[in-house]
Amino acid sequence: MSEALLASEAGTGVTAPAPTSGARQFWRRLRTQRAALVAAAVVALLVLVALAAPLLTAVEGQDPSTYHPDLIDSGRGGVPIGSFGGISAEHWLGVEPQTGRDLFARLVYGARVSLGVALAATLVQVLLGVGVGITAGLGNRWVDQVLSRATDVIVAMPLMVLSLALMAIVPSGFPRPVLVALVIGLVAWGGTAKIVRARTITLRELDHVAAARLSGWSTWRIARRELLPGLAAPVITYAALLVPMNITVEAALSFLGVGVKPPTASWGQMLTSADIWYQAAPQYLLLPAGALFVTVLALTVLGDGVRTALDPRAASRLRIGTGKKREGKA
């Protein structure tokens, strides 16, 4: 409840009820969704692996960029020597064809790039989308029309085509992971802006926002104190679903050769050169593809669980891990 309404209630002698902790309700609802909890554990493990990549590779005794030509068979076109792609005590997941670089090291360092790019791009999308959406929702008719039409243009533009065009004109010396995150964020904020604008138009008609206006609050203070708390649930829900989408876009850009460049390890960049090795060295293709699949699936399930926990009236779209017993409790 807004400070303006609390002040008015204090003046009339009405005692406002103590608000229930929203965070406590959220965690209680989320705990009833087993699939979301498993997905959260998987995501936490992936983040831990990405953060601990230098430590894990140090334990293995390898790094993601050192070549091992003695571990590949040049007579067979660069196929790793040994069974299962050269798996050994020194190379836990084998080595990369043609180069002999350690696959485990490249996989865990690739998690840093893929997850980091996706999270950074999501942050840019949320900041731009929330800023444009609130400005359009609280602005006058002309401001709303201009920003809404600009948002429609951004949404209508094909993401991959626009990203490819922007990536092609940027100098090669610019850090590629940073560039990929910025490009994805700058061309894909339209969906967030439309959601925030629609929610802002609904919230500005509520009593506590009207009370804040009558109290003489500025537009910025109304947005910060009255609107942002009401926007938290839809924005967090949408952001949780944007992360797996951005991971897929980063992988696609790297696969097309305009994303992360070698020798930087990235799951998408690993898939770029793995498509011709699916018979001779299948683990080179299956490992990054499997990591992408597990990450996207876990983040999607977690995002759906967060959406359901923040809005218990909405039924889970995936219906994973739900049962009649838990539905009765909800």
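Scroll up a little and you will see the structure.
Described in the following lines is the structure provided in the data block. (Residues numbered from 1 in each chain as written. Predicted model: local features only at pLDDT ≥ 70, side-chain atom pairs only at ≥ 80, totals over all residues. Heavy atoms only, no water.)

1. A few points about helix 10 (residues 207-214)
Helical geometry: 3.6 residues make up each α-helical turn, so side chains three or four residues apart lie on a common side. Within helix 10, burial applies to His208, Val209, Ala211 and Ala212. All buried residues of helix 10 lie within an arc of 160° about the axis, which places them on one face of the element. Away from the buried face of helix 10 by more than 90 degrees, exposed residues Asp207 and Leu214 are located. Two residues or fewer after helix 10 comes Gly216, characterised by a positive phi angle close to 85°. (Buried < 20%, exposed > 50% of the residue type's maximum accessible area, 1.4 Å probe, protein only. Helix = DSSP H or I, 4+ residues; strand = E, 2+ residues; numbered from the N terminus. Arc of directions from axis to C-beta.)

2. Quick word on the side chain of Glu60
For Glu60, the position within the fold is in helix 4 (residues 53-60). Salt bridges are absent for the buried Glu60, whose nearest opposite-charge side chain, Arg106, sits at 11 Å. Those residues in contact with Glu60 that lie beyond four places of it in its chain are Glu90, His91, Trp92, Asp102, Phe104 and Ala105. (Lys, Arg positive; Asp, Glu negative; His and termini not counted. Salt bridge = Lys/Arg side-chain N within 4 Å of Asp/Glu carboxyl O. Contact = heavy atoms within 4.5 Å.)

3. Some remarks on the environment of Tyr238
Take Tyr238: it is sitting in helix 11 (residues 219-255). Using a relative accessible area of 25% as the deciding quantity, one classes Tyr238 as partly exposed. Separated by 46 residues in sequence, Tyr238 and Thr192 place their C-alpha atoms 7.3 Å apart.

4. Details of the packing of helix 11 against helix 13 (residues 282-310)
Between helix 11 and helix 13, the shortest axis-to-axis distance is 8 Å and the interhelical angle comes to 170°. Of the possible angle classes, the one that applies to helix 11 and helix 13 is roughly antiparallel. Between helix 11 and helix 13, the contacting residues are Ala233, Ile236, Thr237, Ala240, Leu241, Val243, Pro244, Ile247, Thr248 and Ala251 on the first element and Leu292, Thr295, Val296, Leu299, Thr300, Gly303, Asp304, Val306, Arg307 and Leu310 on the second. Of the residues that constitute the contact of helix 11 with helix 13, the class distribution is 13 nonpolar, five polar and two charged. (Axes fitted to C-alpha atoms, helices over the stretch in contact; angles between N-to-C directions. Parallel < 35°, antiparallel > 145°, perpendicular 65-115°, else oblique. Nonpolar A, V, L, I, M, F, W, Y, C, P; charged D, E, K, R; others polar.)

5. Examining the pattern of salt bridges
Oppositely charged side chains are able to pair whenever their charged atoms sit close together. One pass over the structure, following the stated rule, counts six salt bridges. In this structure, the salt-bridge partner of Asp144 is Arg197, at a minimum N-O distance of 2.7 Å. On the criterion of sequence distance, the pair formed by Asp144 in helix 6 (residues 141-156) and Arg197 in helix 9 (residues 190-203) is long-range, its members being 53 residues apart. The exposure class assigned to Asp144 is buried, which follows from its relative accessible area of 14%.

6. Quick look at the environment of Gly131
Here Gly131 shows up in helix 5 (residues 103-138). With relative accessibility at 35%, the residue Gly131 sits in the partly exposed group. Along the chain, Gly131 and Ala193 lie 62 residues apart, while their C-alpha atoms are 7.6 Å from each other.

7. What to know about the packing of helix 5 against helix 11
One can describe the packing of helix 5 onto helix 11 by two numbers: an axis separation of 8 Å at closest approach and a directional angle of 145°. The way helix 5 lies across helix 11 gives a crossing that is right-handed. Contacts from Ser114, Leu115, Val117, Ala118, Leu119, Ala121, Thr122, Gln125, Val126, Val130, Ile134 and Leu138 in helix 5 reach Thr219, Ala223, Leu227, Leu228, Leu231, Val235, Ala239, Leu242, Val243, Asn246, Ile247 and Glu250 in helix 11. Tallied by class, the residues present in the contact of helix 5 with helix 11 amount to 18 nonpolar, five polar and one charged. (Left-handed = near helix turned anticlockwise from the far one by under 90°.)

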